[in-house]
Amino acid sequence: MHIPNIILPGYLAGASDYIVIEKTLRSQGHPAIVVPLKWWEWLPTVGGRSIAPILEKLDLTVEQVRSEYGVSKVNIIGHSAGGWLARIYLGDQPYYDHIWKARDRVAKLVTLGTPHRSLEPWTRKNLGFVNDNYPDAFYEDVQYICVAGRSVYGEKSLSKWVTYSSYELTCGTGNTWGDGITPIEAAHLSGAENLIFEGVHHSPKAGTWYGSPEIIDDWVKYL
């Protein structure tokens, strides 16, 4: 049996947006479940506050799946912010007085369009904590697979302004390629299996995205 997969939604997203990934993985023989989040459960974390409430839901799901399938380890698939949140979950340093230390329960961490670094002030407490304590593909006993999309080039034009601004706030450069939200260079980690998929957008609203069945076919082989 394949290792079960836990899907962690991105910032301000609920589980319903990721059911397509869960169903596609299951249809291919990969057990999968989305962390049962509602979008509004992210609200207490807005403005750089603690994301511990989300990690608690992740931990409950991990333990539920480990018990249900009788396994010691799971894979975590994190979309967008879900990817760097999972890096806190793996760690052994106190985060708001809690130590998750889940590295011995996770075989692989797959990140989809995750901004693993950012220049935005509100991210410093959380994302700064991640990169200060667990830089790059930090744990040798966890396999990191980082997927980036290459679909939109950032430009200072009316149609590309949101993309340009997002890229610039993330990596300091707006004129670069990415998935429309996360630039490629920020979606990768040194020491990880770093992948680039052409034509992939950050979210389903833009069209082909990381959760489109044909794109899942490209990264499922790494599970």
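Refer to the structure above for everything that follows.
Here's what I pulled together on the structure shown here. (Residues numbered from 1 in each chain as written. Predicted model: local features only at pLDDT ≥ 70, side-chain atom pairs only at ≥ 80, totals over all residues. Heavy atoms only, no water.)

1. A look at the overall build of the protein
Thinking step 1. The number of helices and strands found in the protein is seven helices and eight strands.
Thinking step 2. Expected size for 223 residues packed as a compact globule is a radius of gyration near 17 Å; at 16 Å, the protein falls within 12% of this value.
Thinking step 3. With the C-alpha coordinates aligned to their principal axes, the bounding extent of the protein is approximately 55 × 40 × 35 Å.
Thinking step 4. Counting all 223 residues of the protein, 52% fall into the buried class.
Thinking step 5. Across the protein, contacts joining residues at least 24 apart in sequence account for 70% of those joining residues at least 6 apart.
Thinking step 6. Of the roughly 10,000 Å² that the protein leaves accessible, carbon and sulfur atoms contribute 52%. (Helix = DSSP H or I, 4+ residues; strand = E, 2+ residues; numbered from the N terminus. Rg over C-alpha atoms; globule rule 2.2 N^0.38 Å. Buried < 20%, exposed > 50% of the residue type's maximum accessible area, 1.4 Å probe, protein only. Contact = heavy atoms within 4.5 Å. Areas by Shrake-Rupley, 256 points an atom, 1.4 Å probe, with all protein chains shown as cover.)

2. What to know about the pattern of salt bridges
Two side chains that carry opposite charge are able to pair once their charged atoms sit near each other.
Thinking step 1. Counted by the stated rule, this structure contains nine salt bridges.
Thinking step 2. Across the salt bridge formed by Arg150 and Glu198, the nearest N and O atoms sit 3.5 Å from each other. Of this pair, Arg150 sits in strand β5 (residues 143-150) while Glu198 sits in strand β8 (residues 193-198), and the two are 48 residues apart along the sequence.
Thinking step 3. In this structure, a network of salt bridges that share partners links the residues Asp59, Glu63, Arg66, Asp104 and Arg105. (Salt bridge = Lys/Arg side-chain N within 4 Å of Asp/Glu carboxyl O.)

3. Some points on the layout of surface pockets
Thinking step 1. Approximately 610 Å³ is the volume attributed to the largest pocket.
Thinking step 2. Contributing to the lining of the largest pocket are 28 residues, with Tyr11, Ser80, Ala81, Ile181 and His202 lying nearest its centre.
Thinking step 3. Listed by contribution, the elements that provide at least two residues to the lining of the largest pocket are α3 (81-90) and α5 (161-171).
Thinking step 4. Taken together, the residues that form the lining of the largest pocket break down as 14 nonpolar, eleven polar and three charged. (1 Å grid on protein atoms, 1.4 Å probe; cavity = no way out; pocket = protein on both sides within 12 Å on 5 of 7 lines; lining within 4 Å. Points joined across faces, edges and corners; volume = space filled by probe spheres on them. Nonpolar A, V, L, I, M, F, W, Y, C, P; charged D, E, K, R; others polar.)

4. Considerations on unusual backbone geometry
Thinking step 1. Of note, the phi angle at Ser80 is positive, near 55 degrees, even though the residue is not glycine.
Thinking step 2. Structurally, the position occupied by Ser80 is in the loop between β3 (74-79) and α3.
Thinking step 3. Owing to a relative accessible area of 12%, Ser80 belongs among the buried residues under this scheme.
Thinking step 4. In this structure, Asp136 is a non-glycine residue whose phi angle is positive, near 60 degrees.
Thinking step 5. Of note, Asp136 is situated in the loop between α4 (126-133) and β5.

5. What about the sheet that holds β3?
Thinking step 1. Here we have six strands laid out as an open sheet, ordered β2-β1-β3-β4-β5-β8, and parallel in their pairing. One side of each edge strand has no neighbouring strand; the edge strands of this open sheet are β2 (32-34) and β8. Ignoring strand direction, the axes of neighbouring strands in this sheet form an average angle of 20 degrees.
Thinking step 2. Here strand β1 (residues 5-8) pairs with β2 via three bridges, running parallel. Opposite Ile7, over in β2, you have Val34 as the bridge partner.
Thinking step 3. Helix α1 (residues 19-27) contacts β1, β2 and β3 of the sheet and is inclined by roughly 175 degrees relative to β2.
Thinking step 4. Relative to the sheet, helix α2 (residues 52-69) contacts β1, β2 and β3, its axis offset from that of β1 by approximately 165 degrees. (Pairing = 2+ DSSP bridges. Axes fitted to C-alpha atoms, helices over the stretch in contact; angles between N-to-C directions.)

6. What about the packing of aromatic side chains?
Thinking step 1. Evaluated as defined, the whole model comprises twelve aromatic pairs.
Thinking step 2. Both rings, one in Trp161 and one in Tyr164, keep their centres 5.8 Å apart while their planes meet at 20 degrees; by these two values the pair is stacked. One end of the pair, Trp161, and the other, Tyr164, are both in helix α5, three residues apart, so they sit about a helical turn from each other.
Thinking step 3. Over the ring of Trp177 we find Arg150; its NZ or CZ atom is 4.1 Å from the centre of that ring. (Phe/Tyr/Trp six-rings, centres within 6.5 Å; stacked < 30°, edge-to-face > 60°. Lys NZ or Arg CZ within 6 Å of the ring centre and 35° of its normal.)

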